[in-house]
Amino acid sequence: MHALPLVLSTLAALATAPSLLTFLSSNGHVRTNYAGARIPCPLGLLIPAAAVLALVPLGLIAGLFDEPEALGVAGLFLVFGVCVLGLADDAYAGQSRGWRGHGADVLRGGFNTGVLKAAGTLGLALAWSAVTQPDTARFLLAAAVIVLATNVFNLLDLRPGRSVKAFVLLGAALTIGAGDTEPLLDLGLWCGPIVVAGLADVRERGMLGDTGSNVVGVVAGLWLVLVLDTTGLAIALALLVLITVYGELRSINALVEGTPGLSHLDSLGRPHRV
């Protein structure tokens, strides 16, 4: 029963992906990717769409058979909230990028969806942590890890499939390291659709957009919080801070493409270009 959210949301994502891509393309929701191709965006809408479709049978099962664990609603309001903020950024973002660019906009008195997304994600993360974490240390660490993970996976999403590949590797490492599949199943409502969206993303059939990369990041942050103890969260936070600072000052994309092994993994699955 606990695996139902993963199974049903994956099936919903597989069924919905073709029609969503057609809808985005036919209505002009496209964006130019790194290679100059015009790609349907935001493909990331597939993740919450599949989740809510899966909640129809899951809700019936939970209510009729008194099986609340069948819902798999870990972080429900948090993930949907971050999705909405990412969608706003996809729809209305200006030209500024990075925290420095967003901050400069605000200092000039402008409205900036990137700042709204950052502040909103922080508020959602604090609210979720306040009702789920047992003590002050974990409350603060969990919120910080979720916020920075959301940002880091957004920074990674500069090439097709990169963000979801990092998510899969992180999830595999956490599952193997903990020897426990419970967190995966707790987040199953999101994990299946993320992988389905990632397959379309890496083949350049759609682009995740901020809607998708932020959802991937917040689910990754939740996974870290569900698996790691307080010391582990502190280490994870330190690593996320380092990656964030590096991404602001240097190019993560250049680092990945210039590192043997990483560049090969990064390119796996993409269409071959001559």
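Since the model is a prediction, treat every value here as computed from it, not as a measurement.

## Overview of the overall build of the protein
So, step 1. Secondary structure summary: the protein contains 13 helices and two strands in total.
So, step 2. Projected onto its principal axes, the C-alpha positions of the protein cover 50 × 45 × 40 Å.
So, step 3. Residue burial in the protein is summarised as follows: out of 274 residues, 47% are buried.
So, step 4. Entry remark: accessible area of the protein is about 12800 Å², with carbon and sulfur atoms responsible for 69%.
So, step 5. Averaging the coordinates of the 15 positive side-chain charges in the protein and doing the same for the 18 negative ones gives two points 15 Å apart.

## Structural notes on the environment of Asn27
So, step 1. Tracing the chain through its elements places Asn27 in the loop between helix H1 (4-26) and strand E1 (30-32).
So, step 2. Asn27 gets classed as partly exposed once you look at its relative accessible area, which sits at 44%.
So, step 3. Sequence-wise, Asn27 and Val218 are 191 residues apart; in three dimensions their C-alpha atoms are separated by 28 Å.

## Brief notes about the packing of helix H6 (residues 136-156) against helix H11 (residues 230-249)
So, step 1. Running from N to C, H6 and H11 point in directions that differ by 35 degrees, and their axes come no closer than 9 Å. Relative to H11, the crossing made by H6 is left-handed. For the pair H6 and H11, contact is made by Ala137, Arg138, Leu141, Ala142, Ala144, Val145, Leu148, Ala149, Asn151, Val152 and Leu155 and by Thr230, Leu233, Ala234, Leu237, Leu240, Val241, Ile243, Thr244 and Gly247, respectively.
So, step 2. In terms of residue class, the contact of H6 with H11 is built from 15 nonpolar, four polar and one charged.

## Describing the pattern of salt bridges
So, step 1. Summed over the entire model, instances satisfying the criterion amount to six salt bridges.
So, step 2. Between Lys117 and Asp210 there is a salt bridge whose closest N-O contact spans 3.3 Å. On the criterion of sequence distance, the pair formed by Lys117 in helix H5 (residues 113-132) and Asp210 in helix H10 (residues 209-227) is long-range, its members being 93 residues apart.
So, step 3. In this structure, Arg162 engages Asp266 in a salt bridge whose closest nitrogen and oxygen atoms are separated by 2.8 Å. A residue pair is termed long-range when its members are at least 10 positions apart, and Arg162 in helix H7 (residues 162-178) and Asp266 in helix H13 (residues 262-267) qualify at 104 residues. By the burial criterion, Arg162 is buried, and Asp266 matches it.
So, step 4. Among the charged side chains, a salt-bridge network with shared partners connects Asp89, Lys117 and Asp210.

## Let's talk about the side chain of Asn253
So, step 1. Examined against the element boundaries, Asn253 turns out to sit in helix H12 (residues 252-257).
So, step 2. The exposure class of Asn253 is buried, given its relative accessible area of 11%.
So, step 3. A polar side-chain atom of Asn253 sits 2.8 Å from a polar atom in the side chain of Arg162.

Thresholds applied
Residues numbered from 1 in each chain as written. Predicted model: local features only at pLDDT ≥ 70, side-chain atom pairs only at ≥ 80, totals over all residues. Heavy atoms only, no water. Helix = DSSP H or I, 4+ residues; strand = E, 2+ residues; numbered from the N terminus. Buried < 20%, exposed > 50% of the residue type's maximum accessible area, 1.4 Å probe, protein only. Areas by Shrake-Rupley, 256 points an atom, 1.4 Å probe, with all protein chains shown as cover. Lys, Arg positive; Asp, Glu negative; His and termini not counted. Charge placed at Lys NZ, Arg CZ, Asp CG, Glu CD. Axes fitted to C-alpha atoms, helices over the stretch in contact; angles between N-to-C directions. Left-handed = near helix turned anticlockwise from the far one by under 90°. Contact = heavy atoms within 4.5 Å. Nonpolar A, V, L, I, M, F, W, Y, C, P; charged D, E, K, R; others polar. Salt bridge = Lys/Arg side-chain N within 4 Å of Asp/Glu carboxyl O. Polar contact = N/O pair within 3.5 Å; in protein donor to acceptor, adjacent residues only side chain to side chain.

By themselves, these are just geometric observations and shouldn't be taken as functional.
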